[in-house]
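# Chains, contacts and geometry: an overview
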Amino acid sequence: MSAEPMRQRVALQPVDAIEVTIVVDNFVDLLMAGTETVRRAPPAWDTLEREALLAEHGLSLLVKAERAGRTATVLYDAGLGRSTALHNLDVLGTKVTDLRAIVLSHGHVDHHGGLEGMVRRLGRRGLPLLLHPDAWRDRKAVFPSGAEIHLPPPSRHDLEQEGVEITEERAPSLLLDDTVLVTGQVERVTSFEKGFPLQHARTPEGWEPDPWVWDDQAAVFLLRGKGLVVLSGCSHAGIINVLRHAQTVTGTKRIHAVVGGLHLTGGLFEPIIPDTIHEMAAIGPDVVVPCHCTGWRALQELARRMPDAYVHASVGTSLRFA
């Protein structure tokens, strides 16, 4: 299913190395071991002297891409809390003064809540922010029990007041000298990935069902000699749809790494775990780093089915692909 055809092919330029730092995620573990690819945050036991890393229900990834001796930095999402991402970056000692762009995966507050604080800290007018136009929709999730959770959009007024240069785009876009692909609207081709059925959006006529989350978009890099590195916020489009869309738009079949939320948690989504992991294994990424809304059942099954690829996410973890 697709609201509009989004099969535009792009010429994504390869990069020599990519470093992805998990700035905000649902989970933090100070004792996990690292590898040559995976660098864990150093333990901070003296928390009375130093601040601790914070976990929350949100996601933010800081990406540094290296090409021909130059490094460009992009922020993919900003977490839920107004200051959580900034706090964790400070604890990690990571500077974002060279940030070139911000990409918003979709309009849910657990991905944009830290935007205003981030751009205010940077104090630089004209910082590009790329999002899908549906990200501005005011939404809520309505559960079978009748409970509701408001999912407010980002504030265009506040962002413009901070001097952010907002770009709305449904189609694929290229950033930073054509080294970053923002997929735009993801085409829905699988039979089992059905968006977010609980979601409603406010319209002039009132609240109406809005299950497809068309604003869900990924960020994609082409790692020289290894394939695509795909970052996904919540994968409301379905992670298999996201990966197939990235393959189609770039013309590159090989997926080297997948990092981000897979939205397989809770009773509504756990039934599609087997189909999702079956298709993921068939695609065969070398590295899978499920974060945020993936859920413990899916994490366990991914670790069992793809043990050589699976990496457990934790706030402060940096992944280097080169």
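Report follows, based on the coordinates. Everything quoted here is computed from the prediction, not taken from an experiment.

## A few points about the overall build of the protein chain
Per the secondary structure count, the protein chain includes seven helices and 19 strands. Relative to the compact-globule value of 20 Å for 322 residues, the protein chain shows a C-alpha radius of gyration of 18 Å, a close match. Taking the principal axes of the C-alpha coordinates as reference, the protein chain spans close to 50 × 45 × 40 Å. Scored against the burial criterion, the 322 residues of the protein chain give a buried share of 57%. Partitioning the intrachain contacts of the protein chain with sequence separation of at least 6 by distance along the chain shows that 76% fall at a separation of at least 24. Looking at the protein chain as shown, the accessible area adds up to about 13700 Å², and 50% of this sits on carbon and sulfur atoms. Once the 32 positive and 40 negative side-chain charges of the protein chain are each reduced to a mean point, those two points are 4 Å apart.

## Remarks on the pairing of strand β6 (residues 99-103)
The two faces of the sheet receive side chains in turn, since in a regular strand these alternate between them. Counting buried residues in β6 gives four out of five residues, a clear majority hidden from the surface. Note: strand β5 (residues 70-76) against β6, four bridges, orientation parallel. For T73, the partnering residue across the bridge sits in β6 and is L99. Since β5 and β6 lie parallel, the crossover through helix α1 (residues 84-92) that links them has a hand, and here it is right-handed. Pairing geometry for β6 and strand β7 (residues 128-131), over two bridges, is parallel. The residue of β7 that forms the bridge with I102 is L129.

## Notes on the packing of aromatic side chains
Under the definition given, this model contains two aromatic pairs. A cation sits over an aromatic face here: R156 above W136, 4.4 Å from the ring centre.

## Thoughts on the packing of α1 against helix α3 (residues 115-122)
One can describe the packing of α1 onto α3 by two numbers: an axis separation of 8 Å at closest approach and a directional angle of 50°. Between α1 and α3, the angle is such that the two are oblique. Residues A85, L86, L89 and D90 of α1 touch α3, and the partners they reach there are G117, M118 and R121.

## A closer look at the side chain of D25
By secondary structure assignment, the location of D25 is in the loop between β2 (17-24) and β3 (38-39). Despite its burial, D25 pairs with no opposite charge; the closest candidate is R40, at 8.4 Å N-O. Only 2.7 Å separates the side chain of D25 from the backbone nitrogen of H292, close enough to count as a polar contact. When neighbours within four sequence positions are excluded, D25 is seen to be in contact with A55, E56, G58, L59, C291, H292, A313, S314 and V315.

## Re the sheet that holds β6
Across the sheet, eight strands lie side by side as β3-β19-β2-β4-β5-β6-β7-β10; this open sheet has mixed pairing. Edge positions in the open sheet fall to β3 and β10 (165-168), since each of these has one partner strand only. By the bridge criterion, four bridges tie β7 to β10 in an arrangement that is parallel. The residue of β10 that forms the bridge with L129 is I166. Running over the sheet, α1 touches β2 and β4 (60-67) and is turned about 120° from β2.

## Some points on the sheet that holds strand β8 (residues 139-142)
Spatially, the four strands line up as an open sheet ordered β9-β8-β13-β14, and their pairing is antiparallel. The two strands at the open ends of the sheet, each matched to only one other strand, are β9 (148-151) and β14 (206-209). Across this sheet, the average inter-strand angle for adjacent strands is 30°, counted without regard to direction. Sheet topology note: the strand β13 (residues 199-203)/β14 ladder contains four bridges and is antiparallel. Bridging across to β14, H200 finds its partner in P209.

About the cut-offs
Residues numbered from 1 in each chain as written. Predicted model: local features only at pLDDT ≥ 70, side-chain atom pairs only at ≥ 80, totals over all residues. Heavy atoms only, no water. Helix = DSSP H or I, 4+ residues; strand = E, 2+ residues; numbered from the N terminus. Rg over C-alpha atoms; globule rule 2.2 N^0.38 Å. Buried < 20%, exposed > 50% of the residue type's maximum accessible area, 1.4 Å probe, protein only. Contact = heavy atoms within 4.5 Å. Areas by Shrake-Rupley, 256 points an atom, 1.4 Å probe, with all protein chains shown as cover. Lys, Arg positive; Asp, Glu negative; His and termini not counted. Charge placed at Lys NZ, Arg CZ, Asp CG, Glu CD. Pairing = 2+ DSSP bridges. Right-handed = clockwise from strand over helix to strand, strands pointing away. Phe/Tyr/Trp six-rings, centres within 6.5 Å; stacked < 30°, edge-to-face > 60°. Lys NZ or Arg CZ within 6 Å of the ring centre and 35° of its normal. Axes fitted to C-alpha atoms, helices over the stretch in contact; angles between N-to-C directions. Parallel < 35°, antiparallel > 145°, perpendicular 65-115°, else oblique. Salt bridge = Lys/Arg side-chain N within 4 Å of Asp/Glu carboxyl O. Polar contact = N/O pair within 3.5 Å; in protein donor to acceptor, adjacent residues only side chain to side chain.

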